[in-house]
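Per-entry structural report
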Amino acid sequence: MSLINKEYYLIFDTNVLFQKYDKKADFTTFSFNSTFKNVIDMVNQLDIYEQVTIVIPEVTWNEMKKQIVDAHQKKVDEYKSYITKWILPEFSISEIKIDDYIEYITKEIDTYKSEIQSGINNIMVLPIPSDNRFKGIVQRAFDKAPPFGGKEKN
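Note that the coordinates shown come from a computational prediction; the quantities given were computed from them, not determined experimentally.

Phe30, Phe32, Phe36 and Ile56 are the most contacted members of the largest nonpolar core, which has 24 residues in total. With sequence-adjacent residues up to four places away left out, phenylalanine 32 is seen in contact with Leu17, Gln19, Ile56, Trp61, Met64, Tyr112 and Ile116.

Below you can see the structure in the form of structure tokens.
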């Protein structure tokens, strides 16, 4: 079977792109984890980038932004709590404030989004469903209709 004239969509979920901010984190930039780059590299290596569209739902972008904002605030609070316990004569701590971290990281996310969309890969944002459509999706989930049926209903 040939891939020519076929079109495929890879839809990424937040759980797949999640960055761990626990131990090592750079809050000055934004990016997805290495899984995203590995998938892009594989698509390019297989030379199927014209047939594959990478889809990142708007919900995923929003969740990723919330995760980095929350992790940043948690680290700032932890750091402040930690340094107030120590008084060392040979050290002084200075803080450079970013007035609005949410605004700052939003710009970083927009830059990252532009960077990944400017390559050879087809990358699109899947918008949040309209209110009417969203209600239908929720109802399908409650009714356990596909794709929410579990193993028995596939």
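In spatial order, the strands read E1-E2-E3; together these three strands make up an open sheet with parallel pairing. The two strands at the open ends of the sheet, each matched to only one other strand, are strand E1 (8-11) and strand E3 (122-126). For this sheet, the mean inter-axis angle between neighbouring strands, taken without regard to orientation, is 30°. As judged from the five bridges shared by strand E2 (residues 52-57) and E3, these two strands associate in the parallel manner.

Moving on to the packing of helix H3 (residues 58-83) against helix H4 (residues 101-117). Closest axis-to-axis distance for the H3/H4 pair is 11 Å, and the angle between their directions is 135°. Relative to H4, H3 is oriented oblique. Handedness of the H3/H4 crossing: right-handed. Across the interface between the two elements, Trp61, Lys65, Ile68, Val69 and His72 from H3 touch Tyr101, Ile102, Ile105, Thr106, Ile109, Tyr112, Lys113 and Ile116 from H4. Grouping the constituent residues of the contact of H3 with H4 by class yields nine nonpolar, two polar and two charged.

Next up on the list: the pattern of salt bridges. Once their charged atoms are close, side chains differing in charge can pair, the charge on each being opposite to the other. In this structure the tally under the stated criterion is four salt bridges. Salt-bridge contacts for lysine 75 lead to glutamate 78; the nearest nitrogen and oxygen are separated by 3.6 Å. Of this pair, lysine 75 and glutamate 78 both sit in helix H3, three residues apart, roughly one helical turn. Owing to a relative accessible area of 27%, lysine 75 belongs among the partly exposed residues under this scheme. For glutamate 78, a relative accessible area of 37% translates into the label partly exposed. Among the salt bridges present, the one from glutamate 103 reaches lysine 107, with a minimum N-O distance of 3.7 Å. Here the residue glutamate 103 and the residue lysine 107 both occupy positions in helix H4, the gap between them amounting to four residues, near one helical turn.

A full pass over the atoms with the stated rule returns ten aromatic pairs. With a centroid separation of 5.5 Å and an interplanar angle of 25°, the aromatic rings of tyrosine 21 and phenylalanine 27 are classed as stacked. With a relative accessible area of 9%, tyrosine 21 lands in the buried category. In this structure phenylalanine 27 comes out as buried when scored by relative accessible area, which is 15%. Among the aromatic side chains, those forming a connected cluster through ring pairs are Phe12, Phe30, Phe32, Phe36, Trp61 and Tyr112. Across from the ring centre of tryptophan 61, 4.7 Å away, lies the NZ or CZ of lysine 113, which sits over that ring.

Rules used in this analysis
Residues numbered from 1 in each chain as written. Predicted model: local features only at pLDDT ≥ 70, side-chain atom pairs only at ≥ 80, totals over all residues. Heavy atoms only, no water. Core = buried A, V, L, I, M, F, W, Y, C linked by side-chain atoms within 4.5 Å. Buried < 20%, exposed > 50% of the residue type's maximum accessible area, 1.4 Å probe, protein only. Contact = heavy atoms within 4.5 Å. Pairing = 2+ DSSP bridges. Helix = DSSP H or I, 4+ residues; strand = E, 2+ residues; numbered from the N terminus. Axes fitted to C-alpha atoms, helices over the stretch in contact; angles between N-to-C directions. Parallel < 35°, antiparallel > 145°, perpendicular 65-115°, else oblique. Left-handed = near helix turned anticlockwise from the far one by under 90°. Nonpolar A, V, L, I, M, F, W, Y, C, P; charged D, E, K, R; others polar. Salt bridge = Lys/Arg side-chain N within 4 Å of Asp/Glu carboxyl O. Phe/Tyr/Trp six-rings, centres within 6.5 Å; stacked < 30°, edge-to-face > 60°. Lys NZ or Arg CZ within 6 Å of the ring centre and 35° of its normal.

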